[in-house]
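Here are the chains, one letter per residue:
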Amino acid sequence: MRNPTVLASGILGTNFELMKRVFEEGGAGAVTMKSIGPAERMGHANPSVMEWEHGLINAVGLPTPGFRNMEEEWRELEKRDFPLIASIYGASVEEFALVAKSVALHRPDAIEVNISCPNTKKEGMVFGVNAEDSAAVVKAVKKEIGAIPLIAKLTQQAWNIGQIAIACEKAGADAISAINTVPSMLIDIDARKPVLANKFGGLSGPAVKPIALKCVYQIFEAVKIPILGMGGISTGKDAIEFVMAGATAVGIGSGVHYRGIDVFKKVCDEMEQWMRENRLDNLEEIMGCAHE
Ligand SMILES: Cc1cc2nc3c(=O)[nH]c(=O)nc-3n(C[C@H](O)[C@H](O)[C@H](O)COP(=O)(O)O)c2cc1C
């Protein structure tokens, strides 16, 4: 990667042209695709994304064409000149393995495993809240994707996120990303009902930054593999905080909404300026320094 910023999954990662723009115009170091699921899925009804004073709340509901309907997209993506992370999800370990096997054939540079989604075999319990379920997914996916690096994307819903990270590392994950959105809701008091059609959604943006930082900090204490930190990053100073907590690279999603497609360039410029002011040559000098 030419820089440590990554487009987070679900934002502009829906087609080749947009992803190319995020790299070329936006300045991202790598781009993550919208999560690919086992079958075509429409997602939730509108309103599905709302802006609030402190962040975004969304219930897009993991819409996907399904891994079988992406051949055309892959034909373009295979000719890309930017680092590409494919993101996958499933509702069972078997579904994760099925999607992983097909996606791996198209040789993305890494595969991110979105274990923040519900397991239908356990009444919708999110995989990522349980170390055994998280490890089972990572192990099954790793078996299918061979040498392609596997990134396990964790959720703050786990009360012991460090233990989940350890389970993923032991099961073969090459890196950890954290965090996904935070379950939440908003109510429209004039309409006297929830703002989102789906009632509940996932919170992202500035409101989740302190939650995400705490998770990255705990993961850094637990594992040796690199961490892609995300949640509320839209400035260089936000990114520096994540690096100090232990992140090797940073994901940006909602920040695109707040600062435009070139948020990646802006964040990198601001990081460099901060580094100059603090006489740093290399980010590694401060990686995890908040633990000392
Ligand atoms: C509209 C929207 C859609 C998202 N879709 C996905 C998704 O498909 N897969 C996934 O792993 N995360 C998804 N996320 C979560 C983001 O990748 C990221 O983890 C989260 O938003 C925190 O980062 P941020 O505060 O920079 O947005 C989505 C977030 C938003 C706002």
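Just above sits the structure.
Everything numeric here is computed off the predicted structure, so don't read it as measured data.

Reading guide: rules and limits
Residues numbered from 1 in each chain as written. Predicted model: local features only at pLDDT ≥ 70, side-chain atom pairs only at ≥ 80, totals over all residues. Heavy atoms only, no water. Core = buried A, V, L, I, M, F, W, Y, C linked by side-chain atoms within 4.5 Å. Buried < 20%, exposed > 50% of the residue type's maximum accessible area, 1.4 Å probe, protein only. Contact = heavy atoms within 4.5 Å. Helix = DSSP H or I, 4+ residues; strand = E, 2+ residues; numbered from the N terminus. Polar contact = N/O pair within 3.5 Å; in protein donor to acceptor, adjacent residues only side chain to side chain. Pairing = 2+ DSSP bridges. Axes fitted to C-alpha atoms, helices over the stretch in contact; angles between N-to-C directions. Salt bridge = Lys/Arg side-chain N within 4 Å of Asp/Glu carboxyl O.

### Quick notes on the nonpolar core
Working step 1: Residues Phe96 and Leu154 are the most contacted members of the largest nonpolar core, which totals 82 residues.
Working step 2: Leave out the neighbours within four places in its chain, and Leu154 touches Ile115, Ser116, Ile161, Ile164, Ala165, Cys168, Ile176, Ser177, Ala178, Ile179, Asn180 and Ile219.
Working step 3: Within the second largest apolar cluster, 10 residues are counted, among which are Val6, Ile85, Ala110 and Ala249.

### A few points about the side chain of Ser9
Working step 1: Within the fold, Ser9 resides in the loop between β1 (5-7) and α1 (16-24).
Working step 2: According to the relative accessible area criterion, Ser9 is buried, its value standing at 15%.
Working step 3: Within the structure, Ser9 has its side chain in polar contact with the backbone oxygen of Met33 (distance 2.8 Å).
Working step 4: Among the polar contacts made by the side chain of Ser9, one reaches the main-chain amide nitrogen of Ser35 at a distance of 3.3 Å.
Working step 5: Filtering out sequence-adjacent residues up to four positions away, Ser9 remains in contact with Thr32, Met33, Lys34, Ser35, Ser87, Glu112 and Lys153.

### Here's the deal with the sheet that holds strand β14 (residues 201-204)
Working step 1: Within the open sheet, the 4 strands sit side by side as β3-β4-β14-β11. Their pairing is antiparallel. Taken across any chain shown, the strands that pair with only one partner, and hence form the sheet edges, are β3 (49-52) and β11 (182-184). For this sheet, the mean angle separating the axes of adjacent strands, direction not counted, is 35°.
Working step 2: Taken together, the 3 bridges between strand β4 (residues 55-58) and β14 define a ladder with antiparallel strand orientation. Residue Asn58 lies in a different strand from β14, and its bridge partner there is Gly202.

### Some points on the pattern of salt bridges
Working step 1: Taken as a whole and assessed by the stated rule, the structure comprises 9 salt bridges.
Working step 2: When the shortest N-O distance is used, the salt bridge between Glu25 and Arg21 registers 3.0 Å.
Working step 3: Note that Lys266 is salt-bridged to Asp262, the shortest N-O span being 3.3 Å.
Working step 4: A residue is classified by how much of its surface remains accessible, and Lys266, at 28% relative accessible area, is partly exposed.
Working step 5: For Asp262, a relative accessible area of 27% gives the class partly exposed.
Working step 6: Among the charged side chains, a network of salt bridges with common partners joins Lys209, Asp238 and Glu241.

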